[in-house]
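Residue-level listing of the chains:
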Amino acid sequence: MSNGRFHIAIVGAGPAGLSAAARAAHLDRERNASAPSYVLLEGHGAHANTIQRYQKGKHVMAEPGYLDLRSDFEFTAGSREQVLDVWGGNLKAQHVNVRYGAEARKISGSRGDFAIELGSGERVAAEHVVLAIGLEGNPRKLGVPGEDLPGVQYHLDDPDEFEDETIVVVGAGDSAIENALALAKQNDVIIVNRRDEFSRAKDGNLHAVLAAISDPSSRLSCLYGTQPRAIASEGGRMVVVMDTPEGERRISCDRMICRLGGVPPRAFVEGAGVAFPNARPEAIPVLSDRYESNVPGLYIIGSLAGYPLIKQAMNQGFDVVEFIHGHDLEPADHPLLEYQFHGLPFEREVDELLDLFRRRIPMFAELNALAFRELVIESNVIASYPSGELAMHAEQKMAALEQRLGGREPRPRCTRIVEEGATIYRAGDFGTSFFTIVAGEVELRAADASGTVTRLTQGQFFGETSLLSGRPRGEDATAGANCVLIETPRRTMLKLMNSNESVRSGIDWIFVVRELTRHFVPYARVRDLRDIADRVSLRQYRAGEVVFREGEIGDSLHIIRSGGVTLTRKAGDAQVVVAEMRGGARIGDMALMGDPVRRETATATVALETIELKRPEFLELVSRDDASIERLQREASLGATVSAAMAGRPEIGSVMSFLMREGLGEATDVLVIRDDLCIGCDNCEKACAETHEGIARLDRSAGSAFGDIHIPVACRHCEQPHCMKDCPPNAIHRAADGQVFIDSSCIGCGNCEVNCPYGVIKLAYDAPRKPSLLNWLLFGRGPGPGEEGHYVPDEAAKAKGKKARKCDACVDVAGGPACVSACPTGAARRVSPAQFIDLVAVDR
Amino acid sequence: MIHESLLQHRNRRYLWWAVGLVAVSFAVYAVPTGSQPRNGGTWQGYLLGTVAAVLVVWLAWLGVRKRRYGLQGSSVQGWVSAHVYLGTALLVTATLHAGFQIGWNVHSLAYVLMCVVIVSGLYGVYAYLVHPRRVAQSRAGASREELFADLFALDADGRRLAEACDPEVRVAVESSIARTQLGGGVWAQLTARDGSRFVERDATQARGTASAPVANTDQTAVIEFVAARLPRATRRVEASNLQDLLALLTRRQSVLRRLRRDIQLAAALKIWLYVHVPVTIALLGALAVHVLVTFLYW
Ligand SMILES: Cc1cc2nc3c(=O)[nH]c(=O)nc-3n(C[C@H](O)[C@H](O)[C@H](O)COP(=O)(O)OP(=O)(O)OC[C@H]3O[C@@H](n4cnc5c(N)ncnc54)[C@H](O)[C@@H]3O)c2cc1C
Ligand code: HEM
Ligand code: SF4
Ligand code: SF4
């Protein structure tokens with residue numbers, strides 16, 4: 001520290017900030033510094049607030065397993081308490097210069113001269129700033145006098161800690177309701193709601209809280225239309241002055257729990273001058289390969305920088321301080337890249353290769369080095385060799401590496417060697433990854449009648465259709481000679497698209513070109529369509545929004561990019577569903593081919609994206625000599641016939657509209673139970689539990705029914721699985737046959753449970769082992785099948801922590817879905833969207 | 001067609017197997033036995049007997065197969081379909097095996113037990129084919145849990161409303177809720193017998209004297225009790241409370257009816273298995289003795 005200015009100020013004492021501070025402390029010790037050259041500023045009263053806020057006893061996982069930890073602090077998987085204790089011990093032992101209760105409110109300046117304004121009004125000066133404030137944001141404060149009194153809490157650790165107190169809970173969201181209900185078991189609880197209803201809550205919470213409020217025997221009551229105005233402490237208790245609809249009211253209580261949501265950190269970060277690539281909430285600030293933002297001297301690490309796991313955050317903390325000190329070091333994930341590049345036919349250093357690759361791919365040329373590096377680390381690298389000696393040699397080389405890694409679990413990703421001519425994927429496979437060609441050639445053979453063959457070369461990419469629409473691959477992809485490919489998983493790609501405009505527009509553009517080619521001019525070349533592709537527009541609709549209406553004059557058609565559309569026709573007073581359309585289909589083309597009047601109303605079944613093609617562009621396309629105009633006309637007439645016929649069968653339409661209301665417009669594989677065959681034996685649930693570690697993933701008796709068709713609560717394997725969106729360790733995958741499943745790297749964070757709109761994911765402890773079938777049958781030993789709801793997890797299961805569980809459509813069960821094969825009466829069946837119409841069976 | 005019933009399974013494939021088995025059984029039976037009487041002792045009898053015994057063991061094996069979840073190759077529905085058709089055919093095969101000779105002995109015991117199992121099985125198929133639709137209709141889209149949740153909510157509301165009424169009404173309503181009967185023993189479930197009661201106390205009765213509860217089947221008595229008070233209400237609030245109570249009690253009556261029907265149907269769907277399975281075990285025992293005795297006294 002020179003003249004009151006720190007060399008480095010680290011903001012946020014989460015895993016990233018702690019590790020950074022520890023490194024700075026270490027370097028100070030090496031230099032025998034007399035006073036710390038850095039300061040760690042933490043807004044809360046203790047370290048690692050995000051982890052403090054995990055549920056009590058939560059098992060913290062050290063994913064990804066193949067990444068080594070590089071930090072002066074220790075971190076291994078363990079309970080929340082253990083992890084926090086270890087860090088507490090490290091903080092003390094390494095004399096880290098940390099200041100608690102030092103929330104940074106504003107950061108200004110740049111390298112050499114930063115000023116950080118704290119909540120207390122005090123200013124801290126520093127030459128460099130490391131921002132490690134995570135993504136959780138700070139809880140929104142009450143904003144009234146007394147908001148920071150000791151009895152006013154903004155989170156709740158363990159509701160069972162309090163007994164026979166009077167507790168005021170402020171808020172109307174899910175966390176407020178859940179806290180209030182839990183506390184009301186042994187306390188008098190008053191929930192204070194600013195509005196007259198609980199409109200933001202999930203259904204389950206809503207029912208529970210309303211029932212508790214109206215139940216005179218419960219200890220929960222509610223003040224509607226009420227807001228706290230001031231809080232004072234009086235003789236160990238607190239007095240809250242409230243504005244109620246009947247005027248002012250004073251309530252005396254022991255404690256207040258305020259759950260008012262969080263303030264996302266973005267505004268604060270932008271306030272420091274940091275640029276974000278776009279306005280999307282998921283956007284990540286632009287950073288250099290040294291984690292430096294556009295503000296010189298201001299570094300960003302941890303989850304705020306887009307790295308969602310603790311170990312990554314800690315490694316970056318270490319690295320960033322080394323970088324600031326001018327030390328050049330290879331990042332901790334360097335060896336991972338070595339393994340990934342090991343089998344490539346180039347003899348070059350990792351960094352050189354990275355640089356070379358990036359320059360070879362025009363779309364990635366603009367990416368910053370850090371983002372590209374991250375992309376490659378999360379991807380598979382595939383290399384093809386001519387069969388024979390070369391391929392064998394490469395295989396041997398990889399086998400030697402394998403030996404060196406000595407069966408390390410989990411195995412880091414290594415180069416995947418394939419032979420020339422090998423299939424990369426087949427038409428019809430479900431796949432969500434995205435491929436970039438770094439070298440060589442790849443052949444794509446369309447699976448439709450045209451059977452066109454396209455050869456792609458260095459710098460081009462493919463697989464974007466499945467990535468964007470969630471539908472199966474539409475072509476066979478074959479590796480050519482000596483090709484090198486990067487296969488990037490969906491989550492990584494989406495993250496990149498959200499944070500980089502050039503990547504997004506590049507992928508959008510090629511998607512449009514390829515869709516236009518497929519639909520209208522199968523033999524055209526990309527450059528022929530360049531011009532038109534720039535003129536069509538990408539449209540987005542919310543679920544329920546109307547794309548066009550029956551009776552309108554239409555002047556465009558839509559190609560569905562993702563999501564689905566329901567087409568309805570008026571029949572008397574009713575709207576009859578005549579078709580359900582999905583990604584890749586065209587709607588409204590008749591308007592451009594003969595009958596300009598829309599004969600159906602098109603409504604988005606779920607969130608929908610389309611390519612809208614107007615008349616002039618359409619005419620330009622079909623006037624080319626290679627246009628498949630006959631096919632277009634044939635398909636349009638067929639569509640018109642089908643929808644006219646369907647209009648005459650409203651019984652099918654009503655079933656369809658029920659299915660669409662249930663969100664099945666984005667499903668790929670649904671469990672449907674015929675109530676007129678179901679004897680309620682729950683054999684399906686039992687079979688599910690028995691084939692899945694004792695935990696059933698479906699709830700037969702729940703869900704909605706229409707006539708005899710019952711959709712139980714079970715995963716429907718969405719085209720674009722919502723659950724995958726924010727999984728920190730990327731543990732959710734889609735198998736080639738479409739099953740969406742969770743692997744063992746799940747850290748139990750619960751994001752997927754929240755993100756799935758259909759409530760099919762549950763977090764649960766491992767179930768105890770069951771006695772063998774014979775033991776149970778003959779001696780009635782242990783719990784019977786299907787009783788997993790009531791089991792008591794053993795200590796080992798608790799230590800392991802809860803993990804997300806959902807239907808995997810029996811991806812590992814050779815006999816196919818166990819629920820279906822176990823149903824004695826044939827009531828349970830798995831149904832694909834193409835079979836929806838057949839649900840309206842004629843006779844059985 | 002995506003869903004098919006267990007009889008329709010695979011175009012009634014196992015019906016044809018069963019028809020075949022019956023035909024072959026008759027053919028074997030028709031072969032002249034020479035001087036011997038037609039019974040289990042002839043070679044024809046042994047042949048039919050072996051087939052029948054193997055079939056019984058295989059039929060009983062369903063209990064195990066059903067619980068071996070996630071097995072490859074066959075579906076439980078296929079097994080049940082075959083079970084049902086071949087099990088029925090067994091009646092013919094076994095009868096022909098016995099040559100219609102029934103007496104008071106261990107051999108006939110096995111036969112009778114088998115008949116009981118088969119007859120109960122036939123009822124089971126009937127129940128499986130007919131009741132599910134009724135269950136669905138009576139629940140009308142709600143699950144049993146939801147019906148119970150409705151009932152509990154109505155109970156709570158009922159108690160609250162009754163609180164505001166005079167003591168007689170309060171006692172009547174509270175006791176009618178407390179003494180509502182649902183389910184019960186197997187017989188009560190199957191017959192949907194309703195032993196609900198409530199305490200009727202009229203205003204002239206001295207305070208503190210206990211009144212015996214009276215029958216309140218289908219909640220009609222308590223509804224009539226409340227309805228009867230209505231015309232005699234003296235205050236506006238009282239009348240409106242009673243009206244609310246009346247509406248609530250009739251709603252509660254209909255929920256109870258649906259629940260009772262649901263329980264009844266669920267019981268009917270299961271009850272036969274309490275005959276089918278234990279008698280199967282007895283049958284397996286009797287069959288073993290039958291075989292043993294036959295060979296011992298050969
Ligand atoms: C429920 C849940 C379970 C999870 N489980 C796991 C797991 O098992 N394994 C795993 O690897 N990852 C897990 N994660 C992810 C993990 O928590 C994050 O990746 C990690 O905490 C990110 O670390 P960080 O240091 O970047 O930010 P954070 O941990 O969020 O730390 C930020 C710190 O900055 C402080 N702060 C914020 N704003 C200010 C300010 N203005 N001034 C001063 N201080 C400020 C905060 O109080 C906090 O202490 C889980 C996440 C959740 C939500
Ligand atoms: C001797 C002959 C038979 C024997 C030994 C036998 C035995 C069994 C056994 C052990 C079960 C398993 C019950 C369970 O574990 O839940 C069963 C189920 C069943 N049996 Fe039979 N059975 C016989 C004949 C029949 C016949 C003739 C029919 C119908 C015509 C029939 C219909 C059924 C049905 C419908 C089931 C229920 C399947 C289920 O719910 O999973 N059985 N039987
Ligand atoms: S878990 Fe939910 S979001 Fe994920 S695929 Fe299944 S239904 Fe869709
Ligand atoms: S709980 Fe869900 S989102 Fe979180 S790690 Fe597990 S699978 Fe991923």
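Bear in mind that the values here come from a model prediction, so they are computed numbers and not experimental data. (Residues numbered from 1 in each chain as written. Chains lettered and ligands numbered in written order. Predicted model: local features only at pLDDT ≥ 70, side-chain atom pairs only at ≥ 80, totals over all residues. Heavy atoms only, no water.)

Peer 1: Explain the overall build of chain B to me, using residue names and the numbers behind them.
Peer 2: Secondary structure assignment for chain B yields 10 helices and two strands. Of the regular secondary structure in chain B, the N- to C-terminal order runs α-α-α-α-α-α-α-β-β-α-α-α. Its C-alpha atoms give chain B principal-axis dimensions of about 95 × 50 × 30 Å. With 298 residues in all, chain B has 42% of them scored as buried. (Helix = DSSP H or I, 4+ residues; strand = E, 2+ residues; numbered from the N terminus. Buried < 20%, exposed > 50% of the residue type's maximum accessible area, 1.4 Å probe, protein only.)

Peer 1: Give me unusual backbone geometry: which residues, what numbers.
Peer 2: All names here are of chain A. Cis geometry marks the peptide bond from Glu-63 to Pro-64, where omega comes out at -10°. Relative to the helices and strands, Pro-64 resides in the loop between strand S3 (59-60) and strand S4 (78-79). The phi angle at Asn-32 is positive, at roughly 55°, despite the residue not being glycine. Tracing the sequence through the fold places Asn-32 in the loop between helix H1 (15-31) and strand S2 (38-41). Taking relative accessible area as the criterion, Asn-32 reaches 68% and is therefore assigned exposed. Despite not being glycine, Asn-730 shows a phi value in the positive range, around 55°. Tracing the sequence through the fold places Asn-730 in the loop between strand S39 (709-713) and strand S40 (732-734).

Peer 1: Which residues make up the site of ligand 3, and what values go with them?
Peer 2: Taken together, 13 residues form the shell around ligand 3, and within it A:Cys715, A:Cys718, A:Cys723, A:Cys756 and A:Lys806 come nearest. Residues of the shell around ligand 3, tallied by class, amount to nine nonpolar, two polar and two charged. (Near = heavy atom within 4 Å. Nonpolar A, V, L, I, M, F, W, Y, C, P; charged D, E, K, R; others polar.)

Peer 1: Explain the coordination of the iron atom of ligand 2 to me, using residue names and the numbers behind them.
Peer 2: All names here are of chain B. Here the iron atom of ligand 2 is held by His-83 (NE2) and His-276 (NE2), and the distances to it run 2.0 Å. One can describe the donor arrangement at the iron atom of ligand 2 as octahedral, given that its six donor atoms subtend angles of 85 to 179° at the metal. With His-83 in helix H3 (residues 76-98) and His-276 in helix H10 (residues 273-296), this residue pair connects regions lying 193 residues apart in the sequence. His-83 gets classed as buried once you look at its relative accessible area, which sits at 16%. (Donors = N, O, S within 2.8 Å, 3.2 Å for Na, K, Ca; no water. Tetrahedral: all angles 85-135°; square planar, octahedral: opposite > 155°, others 65-115°.)

Peer 1: Explain the domain arrangement of chain A to me, and be specific about the residues and the numbers.
Peer 2: All names here are of chain A. The domain architecture assigned to chain A consists of domain 1 (5-137 + 264-324), domain 2 (152-261), domain 3 (334-499), domain 4 (533-648) and domain 5 (663-765 + 801-840). With centres defined by C-alpha atoms, the gap from domain 3 to domain 5 works out at 31 Å. At the junction of the two partners, domain 3 supplies 12 residues and domain 5 supplies 15 residues. When the two sides are added together, the surface that domain 3 and domain 5 hide from each other amounts to roughly 980 Å², 48% of it contributed by carbon and sulfur. A per-residue breakdown of the area domain 3 buries against domain 5 is headed by Phe-430, Arg-490 and Arg-491, which together make up 63% of the total. (Domains from an automatic or database assignment. Contact = heavy atoms within 4.5 Å. Buried area = accessible area lost by both parts, 1.4 Å probe.)

Peer 1: Any chance you could break down the interface of chain B and chain A for me, citing the residues and the numbers?
Peer 2: Interface size is commonly expressed as the accessible surface area that is lost when the partners come together. In this complex, chain B contributes 28 residues to the contact, which on the side of chain A involves 40 residues. Where chain B abuts chain A, roughly 2,900 Å² becomes buried across the two surfaces, and 64% of that area is made up of carbon and sulfur atoms. Between the two partners, chain B and chain A, sit two salt bridges. We note a salt bridge from A:Asp676 to B:Arg133, for which the minimum N-O separation is 3.0 Å. Taken together, the elements giving at least two residues each to the side of chain B that touches chain A come down to H3, helix H4 (106-139) and helix H5 (144-163) of chain B. Tallying contributions element by element places H4(B) first for the side of chain B that touches chain A, with four residues. Of the residues that constitute the side of chain B that touches chain A, the class distribution is 12 nonpolar, nine polar and seven charged. (Salt bridge = Lys/Arg side-chain N within 4 Å of Asp/Glu carboxyl O.)

Peer 1: Please set out a negative patch on the surface residue by residue, giving values where relevant.
Peer 2: Residues and elements named next belong to chain A. A cluster of like negative charges, contributed by Glu-330, Glu-338, Glu-349 and Glu-352, occupies part of the molecular surface. With respect to the helices and strands, the residue Glu-330 is situated in the loop between helix H7 (310-324) and helix H8 (334-341). Its relative accessible area of 44% is what places Glu-330 among the partly exposed residues. (Patch = residues over 30% accessible without salt bridge, like charges linked within 9 Å, V, L, I, M, F, W, Y side chains within 5 Å. Areas by Shrake-Rupley, 256 points an atom, 1.4 Å probe, with all protein chains shown as cover. Lys, Arg positive; Asp, Glu negative; His and termini not counted. Charge placed at Lys NZ, Arg CZ, Asp CG, Glu CD.)

Peer 1: Tell me about the site of ligand 4, and name the residues and values.
Peer 2: Neighbouring residues of ligand 4: A:Cys727, A:Pro729, A:Ile732, A:Ile742, A:Cys746, A:Ile747, A:Gly748, A:Cys749, A:Gly750, A:Asn751, A:Cys752 and A:Ala804. Looking at the shell around ligand 4 residue by residue, the classes come out as nine nonpolar, three polar and no charged.

Peer 1: Now, about the side chain of A:Ser821: what can you tell me, with residues and values included?
Peer 2: If you trace the backbone, A:Ser821 turns up in helix H24 (residues 818-822). A:Ser821 has contacts with B:Ser74, B:Ser75, B:Val76 and B:Gln77, leaving out every residue within four places of it along the chain.

Peer 1: Got a sec to walk through the confidence of the model for chain A? Specific residues and values, please.
Peer 2: Mean pLDDT over chain A works out to 89, with 96% of the residues at or above the 70 mark. For residues 785-789 of chain A, every residue scores under 50 in pLDDT, and the model assigns this stretch 13 contacts once sequence neighbours within four places are set aside. (pLDDT = per-residue confidence, 0-100.)

Peer 1: Describe the state of the cysteines, and please don't skip the residues or the numbers.
Peer 2: Inspection of the entire model under this criterion finds zero disulfides over all chains. Lacking any disulfide linkage, A:Cys222 is separated from the closest cysteine sulfur, that of A:Cys258, by 15 Å. (Disulfide = S-S within 2.5 Å.)

Peer 1: Mind laying out the domain arrangement of chain B, listing which residues take part and the relevant values?
Peer 2: Residue and element names in this part refer to chain B. For chain B, the domain assignment lists domain 1 (5-140 + 272-297) and domain 2 (144-268). One C-alpha centre belongs to domain 1, the other to domain 2, and the line joining them spans 49 Å. Each side of the interface is counted separately: domain 1 has nine residues, and domain 2 has seven residues. Buried area between domain 1 and domain 2, both sides added, is near 710 Å², and the carbon and sulfur share of it is 49%. For the domain 1 face of the interface with domain 2, the top three residues by lost area are His-131, Ser-138 and Arg-139, together amounting to 63%. Across the contact surface, domain 1 and domain 2 share one salt bridge. Linking domain 1 with domain 2 are four residue pairs in polar contact (both at pLDDT 80 or more). Partitioned by chemical class, the residues of the side of domain 1 that touches domain 2 number five nonpolar, two polar and two charged. (Polar contact = N/O pair within 3.5 Å; in protein donor to acceptor, adjacent residues only side chain to side chain.)

Peer 1: Explain the sheet that holds strand S31 (residues 556-562) of chain A residue by residue, including any values.
Peer 2: Residue and element names in this part refer to chain A. Pairing in this open sheet of four strands is antiparallel, and the strands run S29-S36-S31-S34 from one edge to the other. A single partner strand is all that each edge strand has here, and the edge strands are strand S29 (537-541) and strand S34 (586-587). Direction of pairing for S31 relative to strand S36 (residues 608-614): antiparallel, over a ladder of six bridges. In the sheet register, Ser-556 faces S36, and the bridge partner there is Lys-614. Of the strands in this sheet, S29, S31, S34 and S36 touch helix H15 (residues 501-519), which is tilted by about 120° from S31. Relative to the sheet, helix H17 (residues 615-622) contacts S31 and S36, its axis offset from that of S36 by approximately 70°. (Pairing = 2+ DSSP bridges. Axes fitted to C-alpha atoms, helices over the stretch in contact; angles between N-to-C directions.)

Peer 1: Now, about the packing of helix H6 (residues 167-178) of chain B against helix H8 (residues 220-229) of chain B: what can you tell me, with residues and values included?
Peer 2: The packing of two helices is summarised by the inter-axis angle and the distance between the axes. Residues and elements named next belong to chain B. At a minimum axis separation of 10 Å, H6 and H8 run at an interaxial angle of 160°. Comparing the axis directions of H6 and H8 gives the class roughly antiparallel. The interaxial crossing formed by H6 with H8 has left-handed handedness. For the pair H6 and H8, the contacting residues are Glu-168, Val-169, Ala-172, Val-173 and Ser-176 in the first and Val-222, Phe-225, Val-226 and Arg-229 in the second. (Parallel < 35°, antiparallel > 145°, perpendicular 65-115°, else oblique. Left-handed = near helix turned anticlockwise from the far one by under 90°.)

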